[in-house]
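Here's the letter readout for the chains.
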Amino acid sequence: MKALRQLGFFKVPFRQDDSQQETEEERVLALFRNRAELKKAHGELQEEIYRLKDRIKQQEGATLRVQEMLGALETRLGNPESAYPALVFYQLRRLWQTGREMIEQFVGDLVRQQEERERRQHLAEHNRRQFSKREAADKELRSAETAAADAIMNVSALETERARLTRFWHYFKRRALDQRIADAQSTVTTANYTLTEARAAVEAIEKEPLPEFPGLLVETRRAINIAAIAYAEVLCLRLTKTQLVRLAREATSRREATDEYGTRQECEALMEEIERARGLVQGRTNIVQEVKARSERIKQIARYRTPVDTSPMSDSLAFGESDVADGEAIGVGANRLPNVLGEDTWDLFRILLR
């Protein structure tokens, strides 16, 4: 026995060594896992640092370019010979920006109006659908309530009749009534289950959330784009007596001013012409009628790449006889009108297409 106890005594330390070894292995594995996670996090932070450094370099380059442009502009404005062409350059850019802002405002107003109208229509259609579903569910609920009430009354009547049959010779009648009562109670259970489902259906309809507005319809988006094109055409047609549309477009496509606008006197005359052009562009006389007439014409000739595309193809927006007549009426040749208006008009509203 003493020898056995000694053997058992020696077994305990061996088991403790095994548990300590397993604990040590788990600690080592946890350290390796933590090391891998730290290494991964360190790598992600290094990549983020590299990205931020690249963005800083890009921003520094952009800032340097802006400073160079400001320096060149200061030099140009400091020289009377080059200052006037610079003024013309930036006034032309402002003229183009004025037209663009007017079109943006026009399109924004149309979008808000159409969104409000279509949201109301969307809500009205949802309410109509909900009314139909609620009416059908209420009808089912009333029918279920009537069936459940009739079933309960039937059970009550059978039980009353069963209670009156107390004589021993009513034994067989009582057995028949017991069977009928059991069937009637089963009918009550079924009717109550149907009533519960009908009430749940009504509650589900009441809890249905308002559907999310899917956005403007394709036809509406196309109509807005066509109206924007028509508006741009009207603005360009008001300046067809001059070359300001072409000059403003060229100025907008450049980053720095040039000396292509002539002498000081020519620049002053051009700036006066630009000021008058801004007044013509910002005029609202008959703008609604002109835009509506041109929208109807463009709607007939506009073509789209796909059934869901909302931006018309530029090749389909050819100028018709009405445009030629307008050009001849204001002294512009028919062969010049498409070149002057078509490309510039497309550039003016291209960025606004939705």
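Quick caveat, the model's predicted, so the values are computed rather than measured.

Draft legend 1. Main features of the overall build of the chain. Counting its secondary structure elements, the chain contains 9 helices and 0 strands. Mapped from its N terminus to its C terminus, the chain presents α and β elements in the order α-α-α-α-α-α-α-α-α. A buried classification covers 30% of the 354 residues belonging to the chain. Summarising the internal contacts of the chain: among those between residues at least 6 apart in sequence, 80% fall at separations of at least 24. Carbon and sulfur atoms provide 54% of the accessible area of the chain, an area that totals close to 24,700 Å².

Draft legend 2. Up close: the pattern of salt bridges. What the rule picks out here adds up to 11 salt bridges. For Glu116, the salt bridge goes to Arg120, with nearest N and O atoms at 3.1 Å. Here Arg120 and Glu116 lie together in helix α2 (residues 80-164), a separation of 4 residues that amounts to about one turn. Classification of Glu116 as partly exposed rests on a relative accessible area of 49%. For Glu250, the salt bridge is made with Arg246, and the minimal N-O distance between the two is 3.2 Å. Note that Glu250 and Arg246 are positioned in helix α5 (residues 244-253) at a spacing of 4 residues, about one turn of the helix. Taken together, the shared-partner salt bridges connect Glu233, Arg294 and Arg297 into one network.

Draft legend 3. Structural view of the nonpolar core. The biggest cluster of nonpolar side chains holds 44 residues, and the ones touching the most others in it are Val88, Leu92 and Tyr261. Among the elements of the structure, α2, α4 (218-237), α5, α6 (264-282) and α7 (287-301) are those that each provide at least two residues to this core. Setting aside chain neighbours within four positions, we find Tyr261 in contact with Pro85, Val88, Phe89, Leu92, Ala251, Arg254, Glu266, Cys267 and Leu270. In terms of nonpolar packing, the next biggest core, distinct from the first, is built from 17 residues, Ala148, Ile181, Ala184 and Ala198 among them.

Draft legend 4. Representation of the packing of aromatic side chains. This model, assessed by the stated rule, comprises 2 aromatic pairs. On the numbers, 5.0 Å between centres and 85 degrees between planes, the contact of Phe89 with Tyr90 is edge-to-face. The exposure class of Tyr90 is partly exposed, given its relative accessible area of 35%. If you follow Arg222 out to its NZ or CZ, it ends over the ring of Tyr304, 3.9 Å from the centre.

Reading the values: the criteria
- For every chain, the first residue of the written sequence is number 1, and numbering continues from 1 along that sequence.
- With pLDDT at 70 or above as the cut-off, local features in this predicted model cover only qualifying residues; side-chain atom pairs require 80 or more to be listed or tallied, and sums for whole chains, interfaces and linings still use all residues.
- Side-chain metrics rest on all non-hydrogen atoms present in the structure, leaving aside hydrogens and water.
- Segments assigned H or I by DSSP are reported as helices when at least four residues long, segments assigned E as strands when at least two residues long, and all are numbered from the N terminus.
- Under the scheme applied here, a residue whose accessible area is under 20% of the maximum for its type counts as buried, over 50% as exposed, and between as partly exposed, the area being computed with a 1.4 Å probe on protein chains only.
- By definition in these notes, contact holds between two residues if any of their heavy atoms fall within 4.5 Å.
- Accessible surface area values rest on a Shrake-Rupley calculation with a 1.4 Å probe, where residue burial reflects the displayed protein chains alone.
- Put simply, a salt bridge is a Lys or Arg side-chain nitrogen that is within 4 Å of an Asp or Glu carboxyl oxygen.
- Working definition of a nonpolar core: buried Ala, Val, Leu, Ile, Met, Phe, Trp, Tyr and Cys residues. They are joined through side-chain atoms within 4.5 Å.
- Aromatic pairing here means that ring centres of Phe, Tyr or Trp (its six-membered ring) are within 6.5 Å. Orientation follows from the plane angle: under 30 degrees is stacked, over 60 is edge-to-face, and everything else is tilted.
- Any Lys NZ or Arg CZ found within 6 Å of a ring centre and within 35 degrees of that ring's normal is scored as a charge over the ring.

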